[in-house]
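Fold and contact review
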Amino acid sequence: MAQYTNGLACQKFRPIDDNKLPVIKIKEMHDGISSETEFVKSDIPESVKVYDGDVLFSWSASLEVMLWAYGNGGLNQHIFKVTSNNGYPRSFYFYQLIDYIGNFKRMAEARKTTMGHITQDHLKQSTIALPPNTNIANKLEERLSPIFDAIINNSQEIMNLTKQRDELLPLLMNGQVLVNYHLSVLQVVANIGKFSYFIGLFFPRLAVSKWIVPRSFLMGGVLATPLRF
């Protein structure tokens, strides 16, 4: 159904010039690229380069599945890049992983010493029911692919708005800028807060998964400060 390619020990491939890529670790899966993100040489194998829309599966400590949406990068060890095998489309193996992740967590817990994890053997030993051919899966992919694209675009927009919020609110709090001057920006942030509140109320699991909004936006958290002005 899918191939699982483990990332590199990126500390062994430190860049020596500007030809570099951000290193994607579990922290970046949660928070995107930041000023604390490390870098790796850009001439690493193509199999461990990550692009928007790739499916990532962290297999150590924190077992999670996500659609990457934050630009090109180099995959660090402890994360699988999941790609198609035998013609199964991305949406099929993505949702199969989401559905099966609870089993992997139980496997990791059973062998937990210092840090729970799963191995390639666990993947090979796992079984699921497959359709007789990929026709149905491909038809579903046609419907889901635009939704996946929208999820990626929304994730990127939310990340940009989060950065703007973090830059703007301290300036508002200490009086360095006027509220009216940035009213349009505040309205955008407030709208994101309202949307997050709705998602948190009706789809908490979806919201926390970060497919739609990051945890910091849940229950209108970002809405509180702008409305005081």
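These figures come from a predicted structure and were not determined experimentally. (Residues numbered from 1 in each chain as written. Predicted model: local features only at pLDDT ≥ 70, side-chain atom pairs only at ≥ 80, totals over all residues. Heavy atoms only, no water.)

**Notes on the pattern of salt bridges**
- Applying the stated rule across the entire model yields 6 salt bridges.
- Between K25 and E38 there is a salt bridge whose closest N-O contact spans 3.2 Å. With a gap of 13 residues between them, K25 in the loop between β2 (20-24) and α1 (26-31) and E38 in the loop between α1 and β3 (39-41) connect regions that are remote in the sequence.
- The residue E46 makes a salt bridge to K49 at a minimum N-O spacing of 4.0 Å. (Salt bridge = Lys/Arg side-chain N within 4 Å of Asp/Glu carboxyl O. Helix = DSSP H or I, 4+ residues; strand = E, 2+ residues; numbered from the N terminus.)

**Digging into helix α4 (residues 135-173)**
- Between its first and last C-alpha atoms α4 spans 56 Å; for 39 residues at 1.5 Å apiece the expected length is 57 Å, and the two agree.
- The axis of α4 is deflected most strongly, by about 40°, at R143, and proline P146 appears within four residues downstream.
- Just beyond α4, the residue with positive phi is G175, at close to 80°. (Expected span 1.5 Å × (residues − 1). Bend = angle between axes of the 7 residues up to and from the residue.)

**Digging into the sheet that holds strand β5 (residues 55-58)**
- With respect to topology, 4 strands assemble into an open sheet ordered β1-β8-β5-β6, the strand pairing being antiparallel. The outermost strands of the open sheet, each flanked by one partner alone, are β1 (2-6) and β6 (64-67). Pairs of neighbouring strands in the sheet enclose a mean axial angle of 30°, with direction left out of account.
- Of the strand pairs in this sheet, β5 and strand β8 (residues 79-84) are connected by 4 bridges, and their pairing is antiparallel. Bridge pairing links V55 to V82 in β8. (Pairing = 2+ DSSP bridges. Axes fitted to C-alpha atoms, helices over the stretch in contact; angles between N-to-C directions.)

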